[in-house]
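# Chains, contacts and geometry: an overview
Residue-level listing of the chains:
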Amino acid sequence: MAELDPDIATALERSSQLYTLEQVDHALEMLAAQIAKDLADKHPIVLPIMNGGLATAAALLRHFTFPLQQDYLHITRYRDTTSGGETQWIYRPRLEISGRHVLLVDDLLDHGITLQAAVDYCSDQDASSVKTAVLIVKDLRLRPGLQTVDYHALDAPDEYLFGCGMDYKTYWRNAPGIFAI
């Protein structure tokens, strides 16, 4: 069995906690209520953007009490690094998007490039509407991609974040809260 890189092993103790798990859960519950007001009567398709959007989508789905369908899409720029590269599509949804209301769910709005590509894909598939929801919006002056989202739960400074679905070198998505390193 390979040993864990010390940089990864000590990431949690070297970081500062921005939000506790309880704060994140409360913010996601409020976010779900806001989304439900707009989409409950539209039987939307909820599309988490893998891998980061999985935890946020799962938390939101627990609070939705209306009919919806769920698929996913997988588009990445990070792979196993901490900085973005070329956009790479890994999986496109199998559900028919044309004429449907779509909710894209991701972990954070950072540079917005991946999320913009997902919005463009859904628009190109003739979705009736495309809404975006993220757990965190980073405070950035300039975004080369999507500038804003329709819904977000929390704000954070422009630091490298992990926990609650966001990773540090493919680890720590399970960290108990949101941390900056």
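These remarks concern the structure in this document. (Residues numbered from 1 in each chain as written. Predicted model: local features only at pLDDT ≥ 70, side-chain atom pairs only at ≥ 80, totals over all residues. Heavy atoms only, no water.)

### A closer look at the pairing of strand β6 (residues 101–109)
- Of all nine residues making up β6, eight are buried, and the element is well covered by its neighbours.
- Summarising the sheet, strand β2 (residues 45–50) and β6 pair through four bridges and their orientation is parallel. In the strand pairing of β6, Pro 48 is matched with Val 105.
- Pairing geometry for β6 and strand β7 (residues 129–138), over eight bridges, is parallel. Each residue of the ladder has a partner; that of Leu 109, found in β7, is Val 137.
- You can see the chain leave β6, run along helix α4 (residues 113–124) and come back into β7, and the turn it takes is right-handed. (Buried < 20%, exposed > 50% of the residue type's maximum accessible area, 1.4 Å probe, protein only. Helix = DSSP H or I, 4+ residues; strand = E, 2+ residues; numbered from the N terminus. Pairing = 2+ DSSP bridges. Right-handed = clockwise from strand over helix to strand, strands pointing away.)

### Focus on unusual backbone geometry
- With omega at -5°, the peptide bond leading from Met 50 into Asn 51 counts as cis.
- Residue position: Asn 51 is located in the loop between β2 and α3 (53–63).
- At Lys 169, a residue that is not glycine, the phi angle is positive and equals roughly 55°.
- Along the polypeptide, Lys 169 turns up in the loop between β9 (161–162) and β10 (177–180).
- Phi is positive for Thr 170, which is not a glycine, with a value near 70°.

### Things to note about the pairing of strand β4 (residues 73–76)
- Side chains Leu 73 and Ile 75 project from β4 onto one buried face, and the interleaved His 74 and Thr 76 project onto a second face that is buried too.
- Here β2 runs beside β4; their pairing, made up of two bridges, is parallel. Looking at β4, one finds that Met 50 is bridged to His 74.
- As paired strands, β4 and strand β5 (residues 88–91) are joined by three bridges and run antiparallel to one another. Bridge pairing links His 74 to Tyr 91 in β5.

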